[in-house]
Amino acid sequence: MATAAIFSSLRRRRSPSLEAFLAPVDLTQVALLQTLAAVSSELISCFSDKPFFFQRRNSRSLIRKMEIFLVMLEYLRDSGSRSMPSLPSTAILCFKELYLLLYRSKILLDYCAQSSKLWLLLQNHSISGHFHDLNQEISTLLDVFPINDVGLSDDVREQVELLQKHARKAKLYVDKSDENLRLRFFSFLNEFDNGRIPNHVDLRLFFVERLGIRDAKSCRSEIEFLEEQIVNHEGDIEPTACVLNGFVAITRYCRFLLFGFEEDEVQLPSRKQKKPRKGLITREIADTFITIPKDFCCPISLDLMRDPVIISTGQTYDRSSIVRWLEEGHCTCPKTGQMLIHTRLVPNRALRNLIMQWCTAHSVPYDPPEAADAPAESFSEALPIKAATEANRATTTLLVQHLANGSQGAQAIAAREIRLLAKTGKKNRAFIAEAGAIPHLCKLLSSSNPVAQENSVTAMLNLSIYDKNKSLIMDEDGCLRSIVEVLRLGLTTEARENAAATLFSLSAVHDYKKRIADQGGAIEALAGLLRVGTPRGKKDAVTALFNLSTHSDNYARMIEIGAVTALVGALGNEGVAEEAAGALALIVRQPIGAEAVGKEEMAVAGLITMMRCGTARGKENAVAALLELCRSGGAAATERVLKAPALAGLLQTLLFTGTKRARRKAASLARVFQRCENASLHFGGLGVGYAFAGNSTPPNRDPRFADDVSMPMSISVQVL
């Protein structure tokens with residue numbers, strides 16, 4: 001295996017004691033023996049006293065083998081310092097192979113020491129197989145090793161020969177008690193799958209007495225570890241992600257059944273909290289025997305490149321590595337030392353395709369860069385097995401009971417767990433509402449506990465994504481008012497933002513748009529959040545205002561309260577400009593809306609800027625808003641739009657490069673100008689007649705309805 005590939009695998013694990021493995025293996029005889037002895041000694045000291053809960057016998061057996069290797073290595077090292085003759089070349093090759101075996105042993109022992117108990121239980125056969133594979137490779141190494149030619153003392157030689165004999169006879173060992181526990185865990189899954197809830201005593205015996213999971217915190221850690229495996233390795237794990245979801249649901253149920261609510265820590269969820277990805281043991285061990293082509297490794301990190309990019313000197317690096325290099329203030333090429341003419345990064349798609357083909361051919365997992373930041377909830381919409389659904393239903397019953405009758409801390413925890421359950425699919429959202437959670441969550445919206453309030457409003461948001469729950473939320477007495485109060489006066493920023501997102505979700509039903517707008521303080525708070533909120537808060541606010549603006553009865557109230565001013569101001573914010581332009585295009589259809597937008601000094605300029613620099617949909621919304629402003633705002637509004645600088649060129653560009661709908665709107669706007677008696681711009685060169693003759697407006701029709709009036713928006717509600 002190439003040194004770069006070894007380093008690549010080592011760097012990915014970032015274990016606390018990796019330093020011992022970073023020494024190069026191409027050393028002199030004495031240095032090689034010293035390195036191997038140091039690595040063996042560290043491995044033994046790290047793991048000899050570690051209490052392995054599973055794989056105890058396999059782990060102890062592997063450590064004992066390492067201890068015998070250490071005895072031999074120390075003897076040869078010390079003999080070498082006394083001018084011992086050179087080792088035969090076969091022995092040198094065996095010692096280099098031993099270097100890899102020590103590394104693989106460390107990975108495996110580390111994995112058994114750091115993984116969750118439930119995960120190790122589910123992987124019992126696989127991990128036992130890895131221990132057996134290592135033993136087979138040790139046996140092969142000892143069969144090749146020239147014991148008679150290296151000058152071992154009698155007692156050391158006797159130990160090595162005994163190890164050789166035992167390694168030859170060793171068979172795959174799967175601990176029977178561990179295997180019985182694994183089968184018991186599957187039996188709980190079967191019980192839930194058959195619609196039965198396992199006995200409380202049996203669950204306690206399994207989790208508390210047999211596994212030693214004795215409190216809520218350790219149980220939650222088990223759940224998080226299992227969820228991490230589903231997120232990071234969906235499609236290449238056994239059991240499958242769907243089955244693992246069932247085990248997660250069972251463990252979550254036991255977490256509340258066995259350990260209750262009071263002892264848990266009550267914390268606000270941390271946004272953008274990322275956990276380190278834990279590799280499958282199969283991948284990590286396989287990495288040690290794959291020689292990665294040099295051209296596929298980043299010259300900076302020595303890792304296999306996931307997103308190769310070319311810099312100005314023509315050299316290729318992995319994007320994350322070169323970006324970090326540039327962010328540290330360097331202005332030269334790391335490999336050649338040349339000054340960079342510019343810092344643009346050009347994707348090397350040809351090399352990336354070659355890397356993907358090589359990874360496929362060698363069964364090496366390859367994660368595309370865009371998958372690295374996939375939302376954590378992406379796995380959760382997979383079709384659940386019945387056991388997961390039934391376990392979640394049982395958990396919901398416990399949670400709703402504590403929402404209704406628990407202490408303040410228990411209610412906050414129950415709201416948080418309902419929030420998490422409501423992320424995971426339509427079925428969960430349905431039976432959470434059926435269990436009666438919404439009235440109790442509604443009461444928590446006015447809680448003085450910021451944790452309870454934030455979790456309850458976010459749970460309400462996640463529940464509202466299921467259409468049938470929207471009516472339950474809107475019909476619950478005082479619920480809409482409480483959501484608006486959280487939006488106005490919420491105790492945390494995220495609570496206010498999620499309240500805005502909840503209003504957006506509810507306003508997807510046309511009949512609810514006016515009810516939301518008429519709720520005192522709703523539009524004012526959304527407009528305020530659009531002005532001064534965080535980027536995500538502004539996005540939540542503008543999408544909600546857009547939805548409300550699709551109901552014509554809301555225009556007057558939105559104008560009166562200042563939402564139009566906030567929307568015009570948002571045209572200068574790249575993150576929300578597209579939706580703001582779309583909302584303005586709807587509002588200006590009515591004369592009262594056109595008049596309000598016309599009074600905004602920066603409205604036309606903002607829309608023109610959007611036509612110049614916006615997204616394709618943003619340009620479409622901007623030209624639609626200007627067209628509707630001319631049609632509904634009268635001569636003054638038309639003249640104001642007409643005088644906008646560079647409009648003729650922008651319209652011409654849009655006629656040839658815009659979306660289909662944008663081209664129609666641009667042609668209609670050009671015709672409006674042509675009909676103006678005092679137009680100062682001439683559009684003869686626009687060619688608006690040849691492709692858009694069918695869009696001309698009959699004299700007896702309201703020109704506002706000449707074009708399609710739909711405002712397609714690609715907006716979805718994010719579960720949180």
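Residues numbered from 1 in each chain as written. Predicted model: local features only at pLDDT ≥ 70, side-chain atom pairs only at ≥ 80, totals over all residues. Heavy atoms only, no water.

- In the nomenclature of an unreviewed UniProt entry, the protein corresponds to RING-type E3 ubiquitin transferase from the organism Gossypium stocksii.
- The Pathway (unreviewed entry) field of the UniProt record for the protein holds the comment "Protein modification; protein ubiquitination."
- Under the heading Catalytic activity (unreviewed entry), UniProt records this for the protein: "S-ubiquitinyl-[E2 ubiquitin-conjugating enzyme]-L-cysteine + [acceptor protein]-L-lysine = [E2 ubiquitin-conjugating enzyme]-L-cysteine + N(6)-ubiquitinyl-[acceptor protein]-L-lysine." (UniProt positions renumbered as here; feature names shortened; annotations may be inferred.)

**Section: the pattern of salt bridges**
- In this structure the tally under the stated criterion is 25 salt bridges.
- A salt bridge links D143 to R168, with the shortest nitrogen-to-oxygen separation between them at 2.9 Å. Of this pair, D143 sits in helix α6 (residues 124-144) while R168 sits in helix α7 (residues 154-169), placing them 25 residues apart in sequence.
- Take R168: its relative accessible area is 51%, and that puts it in the exposed class.
- For E454, the salt bridge identified is with R419, shortest N-O distance 3.9 Å. Highlighted residues: E454 in helix α19 (residues 450-464) and R419 in helix α16 (residues 408-421), separated in sequence by 35 residues. (Salt bridge = Lys/Arg side-chain N within 4 Å of Asp/Glu carboxyl O. Helix = DSSP H or I, 4+ residues; strand = E, 2+ residues; numbered from the N terminus. Buried < 20%, exposed > 50% of the residue type's maximum accessible area, 1.4 Å probe, protein only.)

**As for the sheet that holds strand β3 (residues 346-347)**
- Ordered by their spatial adjacency, 3 strands build an open sheet running β2-β1-β3, and the pairing between neighbours is antiparallel. Looking at the sheet topology across the chains shown, the edges are occupied by β2 (316-318) and β3.
- As judged from the 2 bridges shared by strand β1 (residues 308-310) and β3, these two strands associate in the antiparallel manner. Among the inter-strand pairings, I310 is bridged to a residue of β3, identified as V346. (Pairing = 2+ DSSP bridges.)

**Here's the deal with the nonpolar core**
- Counting 188 residues, the largest nonpolar core has F95, F185 and M611 as the members making the most contacts within it.
- With 12 residues, the single largest contributor to this core is helix α11 (residues 241-259).
- Each residue touching F95, except ones within four places of it in the same chain, is listed here: L32, L33, L36, M72, L73, L76, L87 and F145.
- One finds F296, V309, I322 and C359 within the second-largest nonpolar core, a separate group that totals 17 residues. (Core = buried A, V, L, I, M, F, W, Y, C linked by side-chain atoms within 4.5 Å. Contact = heavy atoms within 4.5 Å.)

**Things to note about the packing of aromatic side chains**
- Counted under the stated rule, the structure contains 11 aromatic pairs.
- For the pair F185 and F207, a centre-to-centre distance of 6.2 Å together with 90° between the ring planes defines the contact as edge-to-face. Taken together, the residues span a long stretch of sequence, with F185 in helix α8 (residues 176-193) and F207 in helix α9 (residues 200-210) at a distance of 22 residues.
- Taken together through their ring pairs, the aromatic side chains of F185, F186, F188, F206, F207 and F247 make up a single cluster.
- The ring of Y173 carries R57 above its face, with NZ or CZ at 3.9 Å from the centroid.
- The residue whose ring lies beneath K117 is F53, and the NZ or CZ to ring-centre distance is 4.3 Å. (Phe/Tyr/Trp six-rings, centres within 6.5 Å; stacked < 30°, edge-to-face > 60°. Lys NZ or Arg CZ within 6 Å of the ring centre and 35° of its normal.)

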